[in-house]
Amino acid sequence: KKLAQQVAVSHKAEVELYHYEPLFMNLVNHKPLETLMQANLRSVGVTGFTITPDDFADGSTDVGNVSQQCPTIQPEIKIGTNIAAHTKEFCAAAGSEYGMAMSFKAAKAMALTAADVIYTKI
C-alpha cells in the first residue's frame, strides 16, 4: 500500500486501494457448545479430534464470520496421520474406510450435540 501511494505521489497521480476479498474474522468458539461436542465425540468412540483454539490460525475460513453472529465451533476429526488438507493424500484418506467411519461418527456426534442444544437450550 505504501509503495503504491509513494509511486502515485511521485507521479502526481492518485491511487485508490480497496480490499477485493471478503475479510475473514477471528473464530470465537462457543465454550458450552464445545463441551457438548467433546462429550458426544467421546460417546461415539472418537478420541482423535481437536477443537481449534480461538487464537489458532491454520488457513482461512469464513466460519469465523459466522462465529461472530451465533454460537459456533469448528471441531476436526482425525482421518489419517500427517496429512495436509487439499492434497491427494487427504482425498484418499477421506474416502477410505477409516475416513468414512470417522465421518459417520462425527455426524452422529453433531446430531447428538444438536439434540443437546434443543433440549438443554444452551
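Refer to the structure presented above.
(A) The packing of helix H4 (residues 88-95) against helix H5 (residues 97-120), seen in detail. Between H4 and H5, whose axes approach to 4 Å, the crossing angle comes to 65°. Taken as axis vectors, H4 and H5 run roughly perpendicular relative to one another. Across from Ala93, Ala94 and Gly95 in H4, the residues of H5 making contact are Glu97, Gly99 and Met100. Tallied by class, the residues present in the contact of H4 with H5 amount to 3 nonpolar, 2 polar and 1 charged.

(B) Broad picture of the environment of Phe49. Its place among the elements puts Phe49 in strand S1 (residues 49-51). Judged by relative accessible area, Phe49 falls into the buried class, the value being 15%. Sequence separation of Phe49 and Ala84 is 35 residues, and the distance between their C-alpha atoms is 15 Å. Apart from residues no more than four positions distant in its own chain, Phe49 is found in contact with Gln38, Leu41, Arg42, Glu76 and Ile77.

Rules used in this analysis
- Residues numbered from 1 in each chain as written.
- Predicted model: local features only at pLDDT ≥ 70, side-chain atom pairs only at ≥ 80, totals over all residues.
- Heavy atoms only, no water.
- Axes fitted to C-alpha atoms, helices over the stretch in contact; angles between N-to-C directions.
- Helix = DSSP H or I, 4+ residues; strand = E, 2+ residues; numbered from the N terminus.
- Parallel < 35°, antiparallel > 145°, perpendicular 65-115°, else oblique.
- Contact = heavy atoms within 4.5 Å.
- Nonpolar A, V, L, I, M, F, W, Y, C, P; charged D, E, K, R; others polar.
- Buried < 20%, exposed > 50% of the residue type's maximum accessible area, 1.4 Å probe, protein only.

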